[in-house]
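Structural overview for review
Chain residues, written in single-letter form:
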Amino acid sequence: MELTNELVVMAPIQVKGSLSPGNIYDLTLIDFYAKTRQMQGFKVSVPIFWNVNGLPVLNMMQKQGLPLSRETRNEFVNKCIRDGLEILKKHYINFDEQIKDDEISPMISKFIETYSKSIILRGPISIAICEKCGSDFGTDAEIILCKICGGSVSMQVRDVLFQKVSRDDVSNKIGRINIYPTGAKKELITFNESMPEEYNICLTKRREYTISYAGFDLDPRFIVMLTPALVDGMYSRRVYFHGDIIKKFSYYSLCHLPDRFLPTDIVCHGVLLDKYGRKIRWQDIDEDLLNQFNNLPKNDLRAFLLKRNVSKDVLIDFETIHGNLREQDILRNRMDGILGYSDCLESSLPFLVLRKEFFEAVDRYFYGVAYDKMLKIVDLLENKTGESIHNEERKFLDQLRYLYFGEYHGIKN
Ligand SMILES: [Zn+2]
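Just so it is clear, the model here is predicted, and its values are computed rather than measured.

Time to look at the overall build of the protein. Scanning the protein for helices and strands turns up 16 helices and 13 strands. Expressed as a percentage of the 413 residues in the protein, the buried residues total 29%. At a minimum sequence separation of 6, the contacts of the protein that also span at least 24 residues come to 75%.

If you walk across this open sheet you meet the five strands as β3-β1-β12-β13-β8, and the pairing is parallel. The open sheet has two free edges, formed respectively by β3 (43-45) and β8 (178-180), since each of these has just one partner strand. Geometrically, the sheet is characterised by an average inter-axis angle of 20° between neighbouring strands, direction not taken into account. Here β8 runs beside strand β13 (residues 265-268); their pairing, made up of three bridges, is parallel.

With that settled, the discussion passes to the nonpolar core. Core analysis: the biggest nonpolar cluster contains 28 residues, and Val-8, Val-9, Ile-30 and Phe-241 have the highest contact counts within it. Only β1 (5-10), α1 (21-39), α6 (182-193), β12 (237-242) and β13 provide two or more residues apiece to this core. Top contributing element to this core by residue count: α1, with eight residues. Discounting chain neighbours no more than four positions away, the residues touching Ile-30 are Val-8, Met-10, Val-46 and Phe-241. Among the nonpolar cores identified, the runner-up in size contains 24 residues, and Phe-111, Phe-137, Phe-162 and Phe-261 belong to it.

Moving on to the packing of helix α5 (residues 167-175) against α6. It is the contact of α5 with α6, at a shortest axis distance of 10 Å, that shows an interaxial angle of 170°. Accordingly, the angle class assigned to the pair α5 and α6 is roughly antiparallel. In this structure, α5 uses Arg-167, Val-170, Ser-171 and Ile-174 to contact α6, whose residues at the interface are Leu-188, Ile-189 and Asn-192. By residue class, the composition of the contact of α5 with α6 is four nonpolar, two polar and one charged.

Time to look at the sheet that holds strand β9 (residues 198-202). With respect to topology, three strands assemble into an open sheet ordered β6-β7-β9, the strand pairing being antiparallel. Unpaired on one side and paired on the other, β6 (120-130) and β9 mark the two borders of the sheet. Within this sheet the neighbouring strands show an average axis-to-axis angle of 50°, counted without direction. As paired elements, strand β7 (residues 153-166) and β9 share five bridges and run antiparallel to each other. Residue Gln-163 lies in a different strand from β9, and its bridge partner there is Ile-201.

In this section: the pairing of β13. Regular strands have side chains that alternate between both faces of the sheet. The sheet contact formed by β12 and β13 spans four bridges and is parallel. Bridging from a neighbouring strand, Val-239 pairs with Asp-265 of β13.

Time to look at unusual backbone geometry. Although it is not a glycine, Ala-214 adopts a positive phi angle of roughly 50°. Following the sequence through the fold, Ala-214 ends up in the loop between β10 (212-213) and β11 (216-217).

With respect to the helices, strands and loops of the structure, Lys-79 is situated in helix α3 (residues 70-90). Counting along the chain gives 62 residues from Lys-79 to Gly-17, while the straight-line C-alpha distance between them is 8.2 Å.

Relative to the 16 Å expected for 12 residues at 1.5 Å per residue, α6 spans 17 Å between its end C-alpha atoms, a close match to the ideal helical length. Looking only at α6, the buried set comprises Ala-184, Leu-188 and Asn-192. Down the axis of α6, the buried set is contained in an arc of 75°. They therefore lie on one face. Seen from the buried face of α6, the exposed residues on the opposite side, beyond 90 degrees, are Thr-182, Lys-186, Thr-190 and Glu-193.

Note on placement: Phe-162 falls in strand β7. Spatially, the C-alpha atom of Phe-162 lies 9.4 Å from that of Gly-138, the residues being 24 residues apart in sequence. Each residue touching Phe-162, except ones within four places of it in the same chain, is listed here: Leu-121, Ile-125, Asn-200, Ile-201, Cys-202 and Leu-203.

On to the confidence of the model for the protein. Low-confidence regions, as indicated by low pLDDT, have predicted coordinates that should not be scrutinised in detail. In the predicted model, the protein carries a mean pLDDT of 72, and 62% of its residues have values of at least 70. Looking over the protein, one finds the lowest element-wise mean pLDDT in helix α13 (residues 343-346), namely 36, and the highest in α5, namely 95. Across residues 364-390 the pLDDT falls below 50, and counting only partners more than four positions away or on other chains, this stretch makes 38 contacts in the model. Counted against residues more than four places away or in other chains, residues 405-413, with its pLDDT under 50, gives 21 contacts.

About the thresholds
Residues numbered from 1 in each chain as written. Predicted model: local features only at pLDDT ≥ 70, side-chain atom pairs only at ≥ 80, totals over all residues. Helix = DSSP H or I, 4+ residues; strand = E, 2+ residues; numbered from the N terminus. Buried ≥ 20, exposed ≤ 12 C-beta atoms within 10 Å, placed from the backbone. Contact = placed C-beta atoms within 7 Å. Pairing = 2+ DSSP bridges. Axes fitted to C-alpha atoms, helices over the stretch in contact; angles between N-to-C directions. Core = buried A, V, L, I, M, F, W, Y, C linked by C-beta atoms within 7 Å. Parallel < 35°, antiparallel > 145°, perpendicular 65-115°, else oblique. Nonpolar A, V, L, I, M, F, W, Y, C, P; charged D, E, K, R; others polar. Expected span 1.5 Å × (residues − 1). Arc of directions from axis to C-beta. pLDDT = per-residue confidence, 0-100.

In structure tokens form, the structure reads like this:
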């Protein structure tokens, strides 16, 4: 099988005291996707990005009564990351490398020098500035009140780094990317069309603890958009994974990223819904929710989090699947046909055990993940013949079980 390099990218994770169930949901889907691709023979890189820049960290420290020094900030951030990694381990989520956006200053400078210099301009433009505390908020003229002190904000001319964004250019980029589901693509197109034909994006922001370039403090948001592009390498696919907020991250990524770093695919996996079909807003729920998850068997939780079809516009919901036995029967029959194909296997006891196990795996799969993924796995199995089916399937079954239910080990190298 041809080996293809693929980069799986997620928006950087804002460090916090504890990762949220929302983080675990996102990461479980990414993990699932990456491992499935690996099983299909692709070489997949999954880096994790920690966003330690910007106000949220300072706000959290203030809330905990920590003094705001560079040292305590580093300590705080490192502890958040350590705790985060511990949680990921508990949930069997694997990734290849981690990048902290406060450690990438030389990389950012090199990146800008090499790829973005021609598109980044310097000069006086109008930006939104708080009259009371002096905080600045970029070129968005709609910001009237300061997000930091509540003072009134007005447009003032300042010397900054900025970039000219053209609607046609972004539209052109959108056209070259595969975006799932199609609704997300429409949403992105509509958003782009609502922007001016050409306008300036301010790339700088006066903030403490942010990365500087050419004497300017860079806007943490701009840094976040560039971060995934810093994982350089020859990738034939760059897949961006999002929850529901496809607009901002995708849109600004397309504005800031040079062509060779653009995603080839954007997958918007959507939000998790509660039993009334409403979006679960993790941040509104008790902060200890993730700890409550600790009482749940991890494999059950993974199955729950993987409930959604990640590549089509189909929402897989528990009740629907449970009631939809017909589809399940079709799949069973299909699996039966494949497994019963060889006479020598039919007569052997291990085969019957295997088949039983496989059906159990199929059942569990149906409570977990999407139908079309299973069909791809079926396709993969159909390419095997004769005696080798047995070992291959045995191996595959083991992997399937490890993969979907959190007992994953030994496939990735
Ligand atoms: Zn202010």
